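# Reading the structure
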Amino acid sequence: FMMNYATKKDQWRIYPWSLTSCNNIKDEDQQRPVTIPDVYSDSFDIEPNQMSICAGDFTDVYSRPEHKEKWDCVITSWFMDTSRNPIDYIEVISHCLKKGGIWINLGPLLWHWADSHTYLGEEEMSLELSMQDIDK
């Protein structure tokens, strides 16, 4: 959304805490606005092939030969727990990284598919790893 529609820094005002009363120091904190985006993407001087963002299935797109050992760094933000099998994601990240490359992961391991067998059927399985297992 930001990359496609933002035309300037601080273009929109949102109220991310308006529906929760947790972790507010003062009452007015709940209605505190935040302007987004905090930076405008066109203001960066990014050379071609320095950054990649695309729509589609991560494993389908980035397992292609043109991404083999292409990237110095892969950053996954609030992403790893969206997979039914995080090992698939880890293999694709490894495929993309140059030798000595760095993987930076930020976000929880909430495992969105952990209870899928309760609503999609017993044949729907997922793998939930601890961060210790992922670090291996």
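The structure this text deals with has already been given above.
This report concerns the structure included in the present document. Residue positions are counted from 1 within each chain, in the order its sequence is given. Reporting of local features is limited, given that this is a predicted model, to residues whose pLDDT is at least 70; pairs of side-chain atoms are given and counted only at 80 or more, and all residues count toward the totals for whole chains, interfaces and linings. Derived side-chain values reflect all non-hydrogen atoms in the structure, with water molecules and hydrogen atoms excluded from consideration.

### Concerning the overall build of the chain
- The secondary structure content of the chain amounts to 5 helices and 4 strands.
- Secondary structure elements are taken from DSSP: a helix is a run of H or I of four residues or more, a strand is a run of E of two residues or more, and numbering for both begins at the N terminus. Secondary structure elements of the chain occur, N-terminal to C-terminal, as α-β-β-α-β-α-β-α-α.
- Of all 136 residues assigned to the chain, the portion counted as buried reaches 18%.
- The contact definition used throughout considers only heavy atoms, calling two residues in contact when any of these lie within 4.5 Å. A separation of at least 24 residues holds for 56% of the contacts in the chain among residues at least 6 apart in sequence.
- For the chain, the exposed area adds up to about 10200 Å²; of that, 53% sits on carbon and sulfur atoms. Each residue's exposure class comes from its accessible area (1.4 Å probe, protein chains only) as a fraction of the maximum for that residue type: buried when under 20%, exposed when over 50%, partly exposed otherwise. A 1.4 Å probe and the Shrake-Rupley method give the accessible areas. Residues count as covered only by the protein chains that appear here.

### Comments concerning the pattern of salt bridges
- Counted as salt bridges are all cases of a side-chain nitrogen of Lys or Arg within 4 Å of a carboxyl oxygen of Asp or Glu. With the rule as written, the count across this model stands at 3 salt bridges.
- The closest approach of N and O atoms between Lys9 and Asp10, which form a salt bridge, is 2.9 Å.
- Taking the shortest distance from any N to any O, the salt bridge between Lys99 and Glu69 comes out at 3.2 Å. Highlighted residues: Lys99 in strand 4 (residues 97-106) and Glu69 in the loop between helix 2 (58-62) and strand 3 (71-77), separated in sequence by 30 residues.
- A relative accessible area of 34% places Glu69 in the partly exposed class.

### Some points on the packing of aromatic side chains
- Aromatic pairing here means that ring centres of Phe, Tyr or Trp (its six-membered ring) are within 6.5 Å. Orientation follows from the plane angle: under 30 degrees is stacked, over 60 is edge-to-face, and everything else is tilted. Inspection of every chain in the model, using the stated rule, returns 4 aromatic pairs.
- Ring geometry for Phe58 and Tyr62: centres 5.5 Å apart, planes at 35 degrees, overall tilted. With a gap of 4 residues between them, Phe58 and Tyr62 both fall in helix 2, about one helical turn apart. Across the pair, exposure class does not vary: Phe58 and Tyr62 are buried alike.
- Here Phe58 and Phe79 contribute two aromatic rings whose centre-to-centre distance is 5.0 Å and whose plane-to-plane angle is 75 degrees, an arrangement assigned as edge-to-face. With Phe58 in helix 2 and Phe79 in the loop between strand 3 and helix 3 (86-96), this residue pair connects regions lying 21 residues apart in the sequence.

### A closer look at a nonpolar patch on the surface
- Here the term patch refers to residues with relative accessible area over 30% and no salt bridge, with like charges joined within 9 Å and nonpolar side chains (Val, Leu, Ile, Met, Phe, Trp, Tyr) within 5 Å. A surface patch of nonpolar side chains, amounting to about 930 Å² of accessible area, comprises Phe1, Met2, Met3, Tyr5, Val39, Phe44, Ile46, Met51 and Ile53.
- The residue Ile53 is located in the loop between strand 2 (34-36) and helix 2 in this model.
- Look at Ile53 and you get exposed, because its relative accessible area is 58%.

### Details of unusual backbone geometry
- Residue Pro37 is reached from Ile36 by a cis peptide bond, and omega for that bond is -10 degrees.
- Note on placement: Pro37 falls in the loop between strand 2 and helix 2.
- We note that Glu69 has phi near 50 degrees; this positive angle belongs to a residue other than glycine.
- Phi at Trp78 is positive, roughly 50 degrees, even though this residue is not glycine.
- Mapped onto the secondary structure, Trp78 falls in the loop between strand 3 and helix 3.
- A relative accessible area of 57% places Trp78 in the exposed class.

### Quick word on helix 3
- Taken together, the buried positions of helix 3 are occupied by Pro86, Tyr89, Val92, Ile93, His95 and Cys96.
- Against helix 2, strand 3 and strand 4 lie the buried residues of helix 3.

### Some points on the environment of Ile75
- With respect to the helices, strands and loops of the structure, Ile75 is situated in strand 3.
- Overall, Ile75 belongs to the exposed group, its relative accessible area being 60%.
- Distance from Ile75 to Ile93, taken between C-alpha atoms, is 9.3 Å for residues 18 residues apart in sequence.

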